[in-house]
Amino acid sequence: MNIRTFRIGGVHPEENKLTHEAVTQVAALPKQAIFPLGQHIGAPAKPVVQKGDKVKVGTMIAEAGGFVSAPIFSSVSGTVFKIDTAIDATGYRKPVIIINVEGDEWEESIDRSDKLETVEAHPELTPEEIINRVKNAGVVGMGGACFPTFIKLTPPPTAKAECVIINAVECEPYITADFRLMMEKADEILIGLELLMKAAKVTTGYIGIETNKMPAIELLTEKCAKKFNGSAYTVEVVPLKQRYPQGGEKQLVDAVIRRQVPAPPAIPVNVGAIVQNVGTAYAVYEAVMKNKPLFERYTTVTGKKIKTPGNFLVRMGTPMKDLIDACGGMPEGDNKLLAGGPMMGKALTSIEVPICKGTNSVTVISDDEARRKEPQPCIRCAKCVGACPMGLEPYLLAKISEIQNWERAEQEEIVSCIECGSCQFTCPAHRPLLDNIRQGKSTVMGIIRSRAAAKK
Amino acid sequence: MDFILIAVIVLGAIGLIAAVVLFAASKKFAVYEDPRIAQVGEVLPGANCGGCGFPGCSGMADALVKGADAGSLDGLFCPVGGAETMGKVADLLGMAIANSEPMVAVVRCNGTCENRPRIAEYAGLRTCAAMHACGAGETACGFGCLGCGDCEAACQFDAIKVNPETGIPEVDEDKCTSCGACVKACPRHIIELRKKGPKGRRVFVSCVNKDKGAVSMKACKVSCIGCGKCEKECPFGAITVEGNCSYIDFNKCRLCRKCVTVCPTKAIRDVNFPTPPPAPKPKEAPAKAEAPKPVEKKPSHGAFLDTDSSISIK
Amino acid sequence: MGKLIVSLSPHAHGTDTVERNMYGVIIALMPALLVSFYFFGLGSVVVTATSVAACVFFEWAISKYILKQERNTIMDGSAILTGLLLAFNLPSNLPIWIILIGALFAIGVAKMTFGGLGNNLFNPALVGRAALLVAFPAQMTTWPKVGQLGSYLDAETGATPLSIMKWAIKEGDASVLDQLPSSLDLLIGNHPDGAGAMGEICALALLIGLAYMLWKKIITWHIPVSIIGTVFVFAGLLHLANPAYADPISVILTGGLMLGAIFMATDYVTSPMTPKGQIIYGVAIGFLTVVIRNWGAYPEGMSFAILIMNAFTPLINNYVKPKRFGEVPANK
């Protein structure tokens with residue numbers, strides 16, 4: 001097996017895949033489901049229900065708020081309690097729709113059977129039809145970025161797609177949701193991949209998986225061979241070296257097809273690759289073949305001090321508190337509650353934050369690991385330069401951002417930073433490098449945007 | 001002896017040639033600069049703070065001279081030097097200057113450690129900008145002051161300092177030059193430049209929280225709940241309530257302080273008044289026990305049903 | 001339930017710390033330290049102990065009383081390291097008061113005036129050595145012979161391999177070089193009548209230290225390899241042109257080359273931050289070392305070569321950037 005990886009930088013955090021073997025459980029329905037209207041990149045969705053309306057599982061409760069946007073569907077049946085504000089994963093109060101759960105009645109249009117629907121059996125599925133169904137089902141990137149999938153499947157006229165790469169890398173520590181999804185729904189994922197390839201009008205597909213998930217690699221290789229050998233499609237399962245951030249879009253494209261995406265505003269499709277998370281592929285299958293919009297997902301609930309960590313198939317809108325209680329409750333003492341993994345996850349101020357489209361994990365970090373150590377002066381060891389997967393110089397970018405020299409920051413390509421955190425992870429002096437770089441990056445992007453707007 | 005003579009002659013000749021060359025160069029390559037710019041520059045304070053909006057005092061001097069040639073000095077004001085300096089500049093340039101009110105920076109948040117309990121611990125880079133990007137902060141109010149001192153760091157006149165006991169910055173009125181650096185530095189736009197007011201007296205709403213009343217009260221005891229009592233009370237139409245938060249227009253405010261009296265959460269503050277605000281009318285007493293105290297249930301907009309007609313119209 | 005703690009990502013940290021790196025280098029120096037005790041005995045113990053104690057004391061005192069820093073930095077190991085490296089550059093019969101002056105220069109002038117760890121422009125140990133060399137040229141250029149375990153100030157001094165090489169060039173006579181110990185002897189430090197600075201005697205001990213640091217990922221290979229490689233090639237070319245110049249293997253095994261290439265030039269603060277920059281830095285140091293050794297006034301060129309290149313490090317950092325992601329042309 002030839003193990004590929006990306007060429008620049010990277011670090012190797014402790015894996016802590018505590019829930020590797022835990023078979024996915026179906027999470028209990030909550031009493032009240034909370035749906036933030038801003039669960040994706042782009043304009044927030046606009047509510048189409050009011051207080052008192054009755055909804056079923058799969059009813060649209062908010063429509064897309066613009067072109068770059070996605071609709072939101074109810075994951076529960078019951079009555080709309082109110083349209084209010086609540087704390088979501090951004091840490092701020094944002095508009096949400098709150099639904100009191102009554103029973104579990106689904107929309108009749110959803111096909112709830114387990115029958116595997118193949119693409120051959122549905123010749124009516126043209127690329128345009130597939131993209132349309134994906135758009136109407138509200139499918140967004142399930143790896144955490146939540147970019148509307150239908151837009152990714154229609155590249156701009158300057159770029160031509162050559163292949164679809166499925167991101168099943170899961171390089172963050174603790175998270176195993178994608179792994180369990182692959183072990184339990186492999187056939188559906190492959191059909192989802194086929195749909196994606198058809199919609200993007202390509203015949204080459206790759207599935208990138210890290211070598212710490214050997215059972216998934218073997219299973220998918222076997223099934224791929226059976227399904228795609230002799231067909232019009234060429235699909236390769238690519239084992240990848242365990243290295244963070246292997247799952248970053250650009251790093252994945254570099255590892256799989258050895259092409260490096262140039263600096264922003266270039267995106268992977270500019271070098272011919274469309275990258276989709278494996279959870280998105282599954283959601284595409286369900287949306288297109290089962291007429292099931294996006295309202296539930298695989299999520300890992302984990303942490304060293306969590307009593308019974310596990311993987312769950314959870315309805316979106318379930319407050320995290322319910323899942324944590326199902327795993328034994330929050331540990332004693334001070335903790336950090338993260339939506340996502342420890343490298344890029346978001347720390348939350350409340351355990352009532354609901355599970356959203358991009359919540360692939362609920363991680364609880366306890367005690368000493370939850371606090372940062374006191375920073376020391378930079379010793380110029382250059383380990384951050386060696387760790388940066390984008391070939392940047394974090395010590396320099398952090399210093400420039402601190403002294404607010406925005407011109408120099410732009411010159412040093414601060415906008416290429418993918419905010420993976422490898423630099424801060426490595427720094428022996430515990431310096432808050434990424435905190436400063438993030439500041440600089442958002443300011444410089446604002447300057448670039450206003451410059452572009454002024455030109456028009 | 002000969003050496004000395006030769007040395008003196010040679011060096012003298014070199015000096016003479018150098019002097020001639022320098023003189024010619026200074027004439028040929030001279031750049032004409034309006035002498036008034038240097039004169040105006042002398043009068044300006046020389047702090048180079050940028051509060052006027054120009055790069056340093058020399059930039060301001062340049063703009064003033066250009067303005068004088070164009071016929072008007074409107075829009076040009078040095079906040080550090082104030083009206084006095086502007087008067088001197090105007091005399092120098094032979095112009096008249098419009099009188100401008102002195103301004104001061106006002107911190108519109110009273111969410112001290114006592115009023116606004118902490119619900120989380122922040123363990124990252126201690127700047128307001130970083131904390132703002134992380135989330136609401138350490139309290140339940142996502143609009144209030146974060147207390148890390150980005151404003152203090154931005155001030156070049158030592159005029160604003162975070163009080164370690166309350167966690168809120170305090171402005172030293174005498175030192176504040178209303179240059180606006182702290183206003184730009186605050187990521188939540190809590191600080192505003194307002195009129196200093198006669199004898200330094202001013203009234204302002206000490207809250208920018210846009211959450212609904214019940215929510216903001218849970219987060220902070222003295223938050224504005226957007227009940228609108230102040231808006232109805234104000235005889236001069238200076239108050240507007242927008243997005244669950246009240247705002248006093250400092251150009252219309254006459255400092256009568258009726259709003260301070262009526263506010264149920266004490267979110268409106270009066271500064272530098274020698275006497276307390278007018279006491280609430282006795283008729284309000286049975287409805288609310290004592291002087292205004294926080295509203296427990298959803299505030300009603302029935303203020304006009306209150307039987308207090310004597311203070312509604314001036 | 002206790003409090004919830006928040007901060008921005010990342011929420012995990014690797015195991016690397018400043019202390020781990022500094023103490024790691026100190027451990028890498030242990031073989032060389034033991035060898036120097038073996039060869040130079042009492043003198044070596046006194047010089048090393050004085051140097052380390054003085055460096056730590058000066059850093060503590062300056063940090064507390066002059067800079068008035070809140071947190072004293074002596075525990076991060078860098079002062080001890082400077083003390084050790086300074087000691088390795090000195091002859092083992094140096095009087096204590098001179099060592100103290102050297103330590104004061106190294107820590108006070110070269111490190112603390114610039115702002116402490118992370119801010120110095122020049123390698124502190126080398127600045128200390130250079131200052132002493134200029135101020136006390138006689139004491140700093142008479143080297144005790146090996147094997148005098150009980151002597152300190154009264155040790156007998158002798159010619160070092162480098163001074164033999166210099167003499168050969170001056171005379172233009174290759175036969176002088178026959179007095180050099182064999183390469184094997186130079187490697188393991190077996191000089192029956194040889195002399196030298198304490199840290200320069202045994203190349204093997206230093207190489208063991210290099211292997212340890214590479215294994216623990218404290219330094220990367222770029223600087224040591226580029227320095228030693230450049231010196232080898234350049235000295236080799238000279239030797240081929242004129243046998244009065246010593247053969248390249250002797251050149252790399254003598255004097256402060258190994259110590260400088262492995263421990264001094266790789267100092268984090270004063271070396272470039274990118275691999276490409278580090279190679280440029282190493283090649284220039286190698287070149288300058290050979291030039292100074294052969295045609296300069298001093299027999300040893302390493303310290304000055306490193307100090308000169310330290311001055312160029314900011315320039316290298318400014319213009320040599322790492323390979324950016326996305327610059328590689330597509331190559332399917």
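In this convention, every chain numbers its residues from 1, walking through the sequence in written order. Each chain takes a letter, starting from A, and each ligand takes a number, starting from 1, following the order in which they are written. Under the rules for a predicted model, residues below a pLDDT of 70 receive no local features and side-chain atom pairs below 80 are neither given nor counted, while totals for whole chains, interfaces and linings still include all residues.

**Things to note about the interface of chain B and chain A**
When the parts of a complex come together, some accessible area is lost, and that lost area is often used as the size of the interface.
Here's step 1: We call two residues in contact if the C-beta atoms placed from their backbones are at most 7 Å apart. Listed by partner, the interface residues are 14 residues for chain B and 15 residues for chain A.
Here's step 2: If you list the elements that add at least two residues to the side of chain B that touches chain A, you get β2 (120-122) and α5 (128-134) of chain B. Segments assigned H or I by DSSP are reported as helices when at least four residues long, segments assigned E as strands when at least two residues long, and all are numbered from the N terminus.

**Digging into the sheet that holds strand β12 (residues 273-277) of chain A**
Residues and elements named next belong to chain A.
Here's step 1: Two strands qualify as a pair provided that DSSP identifies no fewer than 2 bridges between them. Taken in spatial order, the four strands of this open sheet run β11-β10-β9-β12, and their pairing is parallel. Unpaired on one side and paired on the other, β11 (234-240) and β12 mark the two borders of the sheet. The mean inter-strand angle of the sheet, taken between neighbouring strand axes irrespective of direction, is 20°.
Here's step 2: The pairing of strand β10 (residues 204-210) with β11 spans seven bridges and is classified as parallel. Within the sheet, the bridge partner assigned to I209 lies in β11 and is P239. Axis lines are fitted to C-alpha atoms, over the contacting stretch for helices. Their N-to-C directions set the angle, which ranges from 0 to 180 degrees.

**Re the interface of chain A and chain C**
Here's step 1: Contact residues are listed per partner, giving 57 residues for chain A and 35 residues for chain C.
Here's step 2: Contributions of two or more residues to the side of chain A that touches chain C are made by α6 (249-257), β15 (335-339), α9 (383-387), α12 (422-426) and α13 (433-455) of chain A.
Here's step 3: Its residues assigned to classes, the side of chain A that touches chain C comprises 31 nonpolar, twelve polar and 14 charged. Note on residue categories: nonpolar means Ala, Val, Leu, Ile, Met, Phe, Trp, Tyr, Cys or Pro, charged means Asp, Glu, Lys or Arg, and polar means any other residue, Gly included.

**Some thoughts on the sheet that holds strand β2 (residues 32-36) of chain A**
All names here are of chain A.
Here's step 1: Read from one edge of the open sheet, four strands run β2-β8-β7-β4, paired in antiparallel fashion. This sheet does not close on itself; its edge strands, each paired only once, are β2 and β4 (54-55).
Here's step 2: Bridge count for strand β7 (residues 78-87) against strand β8 (residues 93-101) is nine bridges, and the pairing is antiparallel. Residue pairing across strands places G78 opposite V101, the latter belonging to β8.

**A short note on the domain arrangement of chain A**
All names here are of chain A.
Here's step 1: Split into domains, chain A comes out as domain 1 (127-289) and domain 2 (383-455).
Here's step 2: The split of the chain into domains comes from an automatic or database domain assignment. Its C-alpha centre places domain 1 at a distance of 29 Å from the equivalent point of domain 2.
Here's step 3: With seven residues of domain 1 in contact, the opposing surface of domain 2 contributes seven residues.
Here's step 4: Of the residues that constitute the side of domain 1 that touches domain 2, the class distribution is four nonpolar, two polar and one charged.

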